Amino acid sequence: MNAIETHALEKKFRGKRALRDLNLTVGRGEIYGFIGKNGSGKSTTMKIVAGLMPATAGEVHVLGAALAPCEAHPAVGTLIESPGIYPSLSAYDNLMVKALTLGLVDAKRTCQELLDAVGLADTGRQKAKRFSMGMKQRLGIALALMGNPSVLMLDEPLNGLDPDAARAIRTLIVRLNHERGVTVLISSHVLDQLERMCTCYGIIRDGHMVRELTAAAVEEECASYLALSCAEPERALATLTERVRGARIQMMPDDTLRIDGEVDTARVGEVLMSEGIALSDLHRTEGDREAFFVELMGGHDVDDAGTAPGAGAGRATGRFSRRGR
Amino acid sequence: MLNYLRADLYRLRRSGVAAGVLLFIVGFCLFFIGMNVVIALSAGEPISGVDFPNALDTTAEISFLSGFLPLFASYAPTYLIASDWKAGGFKTVLAGSGARSGYAASKVAVGALFTLVIPGVMLACFGLVPWLLGMHIESVASASQLLMWWGLASLVGFAYTVVCTLCAILSRGETLAWVSTMFVGLGIVGNGFMLLFGMVAAFLPPATGFAQIAIDNLLYAQAMTLGNGASFVTQDAGTLVHTALVAVGWAVAAGALGWIVFRRKTL
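Here is a short report on the structure shown in this document. Owing to the predicted nature of the structure, the values given are computational and were not obtained by experimental measurement.

1. Focus: the overall build of chain A
For step 1, the next point in the chain: A tally of helices and strands in chain A yields 12 helices and 14 strands.
For step 2, the next point in the chain: For chain A, the C-alpha atoms occupy an extent of roughly 80 × 45 × 45 Å along the three principal directions.
For step 3, the next point in the chain: Across the 325 residues of chain A, 39% fall into the buried class.

2. Some words on the interface of chain B and chain A
For step 1, the next point in the chain: Across the contact, 21 residues belong to chain B and 26 residues belong to chain A.
For step 2, the next point in the chain: Listing elements by their share of the side of chain B that touches chain A, those giving two or more residues are helix 1 (2–15), helix 4 (68–87) and helix 5 (90–94) of chain B.
For step 3, the next point in the chain: Looking at which element gives the most residues to the side of chain B that touches chain A, the answer is helix 1 of chain B, with eight residues.
For step 4, the next point in the chain: Classifying every residue of the side of chain B that touches chain A by side-chain character gives eight nonpolar, nine polar and four charged.

3. Details of the environment of Gly103(A)
All names here are of chain A.
For step 1, the next point in the chain: For Gly103, the position within the fold is in the loop between helix 2 (91–102) and helix 3 (107–118).
For step 2, the next point in the chain: Take Gly103: there are 13 C-beta atoms within 10 Å of it, and that puts it in the partly exposed class.
For step 3, the next point in the chain: Sequence spacing of Gly103 and His283 is 180 residues, and the spatial spacing of their C-alpha atoms is 63 Å.

4. Thoughts on the packing of helix 2 (residues 17–42) of chain B against helix 6 (residues 99–132) of chain B
All names here are of chain B.
For step 1, the next point in the chain: Interhelical geometry of helix 2 versus helix 6 gives an angle of 30 degrees and a closest axis separation of 10 Å. Between helix 2 and helix 6, the angle is such that the two are roughly parallel. For the pair helix 2 and helix 6, the crossing hand works out as right-handed. Contacts between helix 2 and helix 6 involve Val21, Leu22, Ile25, Val26, Cys29, Leu30 and Ile33 from the former and Phe114, Ile118, Val121, Met122, Cys125, Phe126, Val129 and Pro130 from the latter.
For step 2, the next point in the chain: Classifying every residue of the contact of helix 2 with helix 6 gives 15 nonpolar, no polar and no charged.

5. A few points about the sheet that holds strand 8 (residues 183–187) of chain A
All names here are of chain A.
For step 1, the next point in the chain: The strand order across the open sheet formed by six strands is 6-7-8-3-9-10, and the pairing between neighbours is mixed. Taken across any chain shown, the strands that pair with only one partner, and hence form the sheet edges, are strand 6 (76–79) and strand 10 (208–214). Here the average twist between neighbouring strands, direction ignored, is 15 degrees.
For step 2, the next point in the chain: Where strand 7 (residues 151–155) meets strand 8, five bridges bridge the pair, whose relative direction is parallel. Looking across to strand 8, one finds that Asp155 is bridged to Ser187.

Conventions we followed
Residues numbered from 1 in each chain as written. Chains lettered and ligands numbered in written order. Predicted model: local features only at pLDDT ≥ 70, side-chain atom pairs only at ≥ 80, totals over all residues. Helix = DSSP H or I, 4+ residues; strand = E, 2+ residues; numbered from the N terminus. Buried ≥ 20, exposed ≤ 12 C-beta atoms within 10 Å, placed from the backbone. Contact = placed C-beta atoms within 7 Å. Nonpolar A, V, L, I, M, F, W, Y, C, P; charged D, E, K, R; others polar. Axes fitted to C-alpha atoms, helices over the stretch in contact; angles between N-to-C directions. Parallel < 35°, antiparallel > 145°, perpendicular 65-115°, else oblique. Left-handed = near helix turned anticlockwise from the far one by under 90°. Pairing = 2+ DSSP bridges.

So far we have only geometry, and geometry alone does not tell us how the molecule works.
Written out as structure tokens, the structure reads:
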């Protein structure tokens, strides 16, 4: 039984399709990175699964149960759009309000445990309006965790955080996943942070799921390899397959050879030279996960690169452009 | 609904809103009494010679001439709703099964609590403080009269509060929630409705009967003529019952209409 499944999900806003035939599958115990450009439909999907808006068509299943439109599953905790914090209350009081709303039996103990879990136990009576962005996000996660949910949906919880705060949130999410077995569906633009915690990825583009793949599959697709160009690619393929052990060699559509595995570049050169095959290019290509994901998402926004100040720096840290479709 | 009510009362307590509203009411009453004392003392009269008006009349005058009671009774539920709109986090809670009815009912219950408590606090202040200061006060004829007026004032205030609460819930924004409450609480919308019904009756004589059923300005009119010694308890039972039923009718109508819209509203 999967934690979250959507089948042929569709959503239209005033005739414009925001989601089309979206199939998403989040297995239990996974940390699922939901990736896509701004306006691709990530938040819309999460809102539909959270019961905040109805789908135009399609089905949503959470923990095996089919949900009616605008129905939330009680085992799902959400942090969507904003943390939903009352600024005039302390962290403890914010948690108490939600605990009382949910009718938890041992509200005080639960709140204290959650404060400990997210590292806000020492905030005391400090009002939430004085919290830093990272503290607010951690409080938002604590609120989402109220009621001990099996599934946690976090919509861009790393936005606006400095690296230290982002790391704290990431560590918290991984710990919740490992210690409590919480399934996490997380959307974010910060790819390098996602890469360090996600076990699965789903890439959405123009409201449609382009691909779902495991972290291992991403690892494999983005592994470094030797790229080889020569005059006789078929003969080179046969020779290297025979004489270079541990190499996985395949012919690419442009007649270059891709050699995966722990292979010494010099050894490849020697073998081909000894067979009299003239090399025109031999180099190692490092795997670029960012490029891999960006390509799946539909590439960078060209206008953004040329006009937005600091756009280059943003991409260098693994963020996508801010422009929508 | 009880879970929401517990959470709302916790928020009102911890944010200081409940204490703030009640302290303001007490402060206002003390200021009003203090002004009477200062005027008397500046005229060279002893405090015991100050003839403080009937607590009932004073409370009624302040409550209904100024829209004081509906406005302050609506403050607490509006604060809760407006801060919910601002925070936004309650949306995920409202997606739960049966959550919307509990949410709305809790806010109405908070309003009802304040409409009951505020006139009581005012009555206590206007009755006890002048007595403690040794001022000459008029005594209320009987406890039943006091309770009857208190109940009637609370009921009418409650009708306004229900309208305020549902307007705030449907407003979809913090600022709009406050604006709608200010309008309704100040009696502008309420009296506007009454005037509208009056005009309809004037232009459409067949509607006169309906207007007479739906309109009731008893408390407002009584507050306007307090100086002539009018009192609520001198009205006949039928008039009092009509006043109560009109308040209940408006509360139920506003509640039903608000609920129909709210239950299908996209969050």
